[in-house]
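# Survey of secondary and tertiary structure
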Amino acid sequence: RISLTRVVAAFLDFLIFFLERTIMNLALYILMRNDLDSLTSGRKMAQASHASNAFVNQVSPANEQYVEWKNSTRQGFGTAIVLSVTEKELNDVVRLAESFGMESGKVVDPCYRVVDGLSEHYLPVVTCGFVFGDRDSKELKELTQHFELS
């Protein structure tokens, strides 16, 4: 005969097993370039905002991971982590993330001010990028573990 205690214990074991495999640790990684001297703290904040907006506009509103991330706060956003990268590192991470099927992209400031001596130029420049996914996934850890926080 099976006791109620054993049934409840078995159910709780199953529930814990199930939850450990379904709850994701989702994050939006913003890859901020550290090799642009003119990218001041204020500009970095603006570019990070652009990256968040680019992500929200790119991702499908039906994407289950996005919905979970967005609903993790009442304000409609989840965890965001800003990492410091070079242009080459940014390009490599975004390319690899795309090959893994992760939401990712680059932010191009269409009129980025570049001072060259006494001249000013306004050029399209990749300032940052983003990668979205489960922080605990092997692929995302491999892509992000070597970078410092920005």
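Preceding this section is the structure that the text describes.
Overview of the structure. (Residues numbered from 1 in each chain as written. Predicted model: local features only at pLDDT ≥ 70, side-chain atom pairs only at ≥ 80, totals over all residues. Heavy atoms only, no water.)

Note: α-helices contain 3.6 residues per turn, so residues at a spacing of three or four share the same orientation. In a regular helix each residue adds 1.5 Å, so 18 residues correspond to 26 Å; helix α2 (residues 41-58) covers 25 Å between its end C-alpha atoms and thus fits that length. Every buried residue of α2 is listed here: Gln 47, Ala 48, Ala 51 and Phe 55. Buried residues of α2 fall within an arc of 105° about the axis and therefore sit on the same side. The exposed residues of α2 that point more than 90 degrees off its buried face are Met 45 and Asn 57. Buried residues along α2 sit in contact with β1 (26-33), α3 (64-70), β3 (103-116) and β4 (119-134). (Helix = DSSP H or I, 4+ residues; strand = E, 2+ residues; numbered from the N terminus. Expected span 1.5 Å × (residues − 1). Buried < 20%, exposed > 50% of the residue type's maximum accessible area, 1.4 Å probe, protein only. Arc of directions from axis to C-beta. Contact = heavy atoms within 4.5 Å.)

Attention shifts here to the layout of surface pockets. Its volume calculated, the largest pocket comes out at about 190 Å³. With three residues, β4 is the single largest residue contributor to the lining of the largest pocket. Within the lining of the largest pocket, the residues separate by chemical class into two nonpolar, five polar and three charged. (1 Å grid on protein atoms, 1.4 Å probe; cavity = no way out; pocket = protein on both sides within 12 Å on 5 of 7 lines; lining within 4 Å. Points joined across faces, edges and corners; volume = space filled by probe spheres on them. Nonpolar A, V, L, I, M, F, W, Y, C, P; charged D, E, K, R; others polar.)

A few words now on the pairing of β3. As paired strands, β3 and β4 are joined by 12 bridges and run antiparallel to one another. The residue bridging Glu 103 from the neighbouring strand is Phe 132, located in β4. Hairpin connection from β3 to β4: two residues lie between these consecutive antiparallel strands, with Gly 117 at a positive phi of about 65°. (Pairing = 2+ DSSP bridges.)

So, about the nonpolar core. Buried together is how nonpolar side chains tend to be arranged in soluble globular proteins. Counting residues in each nonpolar core, the largest one holds 18 residues, and the members touching the most others are Leu 28, Ile 30, Met 32, Phe 55, Trp 69 and Phe 132. Secondary structure elements with two or more residues in this core: β1, α2, α3, β3 and β4. Other than its neighbours up to four places away in sequence, Phe 132 contacts Leu 26, Ala 27, Leu 28, Phe 55, Gln 65, Tyr 66, Trp 69, Met 102 and Glu 103. Among the nonpolar cores identified, the runner-up in size contains 16 residues, and Ala 27, Val 93, Val 94 and Met 102 belong to it. (Core = buried A, V, L, I, M, F, W, Y, C linked by side-chain atoms within 4.5 Å.)

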